[in-house]
Amino acid sequence: IIVTAKLSLFEAKGEYQQILYQISSKGAGILSQELEALKNKLTIEGLFDQKHKKPLPLFPHTIGIISSPQGSALRDILITLYHRFPLANIIIYPSEVQGQNAASQLIKAFNHALHENKAEVIILARGGGSIEDLWPFNDETLIRTMFHANIPIITGVGHETDFTLADFVADLRAATPTAAAVAATPDKHYLKETL
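Residues numbered from 1 in each chain as written. Predicted model: local features only at pLDDT ≥ 70, side-chain atom pairs only at ≥ 80, totals over all residues. Heavy atoms only, no water.

## With respect to the sheet that holds strand β4 (residues 89-94)
So, point 1. The strand order across the open sheet formed by five strands is β4-β3-β5-β6-β7, and the pairing between neighbours is parallel. For this open sheet the edge positions go to β4 and β7 (172-173), each flanked by a neighbour on one side alone.
So, point 2. Across two bridges, the pairing between strand β6 (residues 153-157) and β7 is parallel. Bridge assignment links I154 to a residue of β7, and that residue is L172.
So, point 3. Running at roughly 145 degrees to β4, helix α3 (residues 102-116) makes contact with β3 (62-67), β4, β5 (121-126) and β6 of the sheet. (Pairing = 2+ DSSP bridges. Helix = DSSP H or I, 4+ residues; strand = E, 2+ residues; numbered from the N terminus. Contact = heavy atoms within 4.5 Å. Axes fitted to C-alpha atoms, helices over the stretch in contact; angles between N-to-C directions.)

## Digging into the side chain of T164
So, point 1. In this structure, T164 sits in the loop between β6 and α5 (165-169).
So, point 2. For T164, a relative accessible area of 2% puts it in the buried group.
So, point 3. With near-sequence residues (within four places) excluded, T164 lies in contact with L134, F137, N138 and V157. (Buried < 20%, exposed > 50% of the residue type's maximum accessible area, 1.4 Å probe, protein only.)

## Quick notes on the packing of helix α1 (residues 30-45) against helix α4 (residues 140-147)
So, point 1. Taken N-terminus to C-terminus, the directions of α1 and α4 make an angle of 25 degrees; their axes are 12 Å apart at the nearest point. On the basis of the axis angle, α1 is roughly parallel to α4. When the axes of α1 and α4 are compared, the crossing they make is right-handed. From α1, L38, K41, L42 and E45 reach across to α4, where they touch E140, I143 and R144.
So, point 2. Per-class residue counts for the contact of α1 with α4 are three nonpolar, no polar and four charged. (Parallel < 35°, antiparallel > 145°, perpendicular 65-115°, else oblique. Left-handed = near helix turned anticlockwise from the far one by under 90°. Nonpolar A, V, L, I, M, F, W, Y, C, P; charged D, E, K, R; others polar.)

## A short note on the pattern of salt bridges
So, point 1. One pass over the structure, following the stated rule, counts six salt bridges.
So, point 2. With a closest N to O distance of 3.4 Å, D171 and K54 form a salt bridge. Highlighted residues: D171 in the loop between α5 and β7 and K54 in the loop between α1 and β3, separated in sequence by 117 residues.
So, point 3. For K54, a relative accessible area of 22% corresponds to the partly exposed category.
So, point 4. We note a salt bridge from R75 to D76, for which the minimum N-O separation is 3.7 Å. (Salt bridge = Lys/Arg side-chain N within 4 Å of Asp/Glu carboxyl O.)

## Quick look at the nonpolar core
So, point 1. Core analysis: the largest hydrophobic core is formed by 31 residues, its most contacted members being I66, F110, I122, L124, I143 and M146.
So, point 2. For this core, the element with the highest residue contribution is α3, accounting for six residues.
So, point 3. The contacts of L124, once residues within four sequence positions are left out, are I66, L106, F110, F137, M146, I154, T155, G156, V157 and A166.
So, point 4. Formed by 15 residues, the second largest nonpolar core is a distinct cluster that contains I65, A88, A174 and A184. (Core = buried A, V, L, I, M, F, W, Y, C linked by side-chain atoms within 4.5 Å.)

## Focus: the environment of F48
So, point 1. Tracing the sequence through the fold places F48 in the loop between α1 and β3.
So, point 2. Accessibility expressed as a relative area gives 14% for F48, which makes it buried.
So, point 3. Separated by 119 residues in the primary sequence, F48 and D167 place their C-alpha atoms 9.2 Å from one another.
So, point 4. If we skip the residues at most four places from it in the chain, F48 touches K39, L42, T43, K53, I143, L165, F168 and V169.

These figures come from the coordinates and say nothing about function on their own.
Printed below as a string of structure tokens:
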């Protein structure tokens, strides 16, 4: 963007501020350009092809969740799983989901889950945020780790309008963390009615 502004000093706190008069668009930002270039590269390599998508288990005995233990996304997932299918065991693989160390922690959590090989499906989730907040989910090493996983992966990253490269490589992209929990499980009420 191009910004026209006036610099002023808020003397009481000793803080500078900018009073903006005009903002105009100057095209796609550097992060958007980097994201598009990496997406094109991985698309050409076939990492997002539908033929690589693994089917989800109908009745998962164990569900792995990679998310922040402090985030509301994890709480929403756990509540949804409890109400829909309380028979499933839950394994939480904690990771930061934002910031400089998040990508490496997400990769470490995935490698741990894949090495343990206990989960029948993995949910990768976090709440919404800006492109900068969600940037760890565009990490090339993370995308390649997800692609080579032998366990189906559901992403629930951000809000409905948010997309990351993790969504494209996942076996299923859910619009929200709660929707990811719904996609991973059958509904116990429906199962009771069916029986």
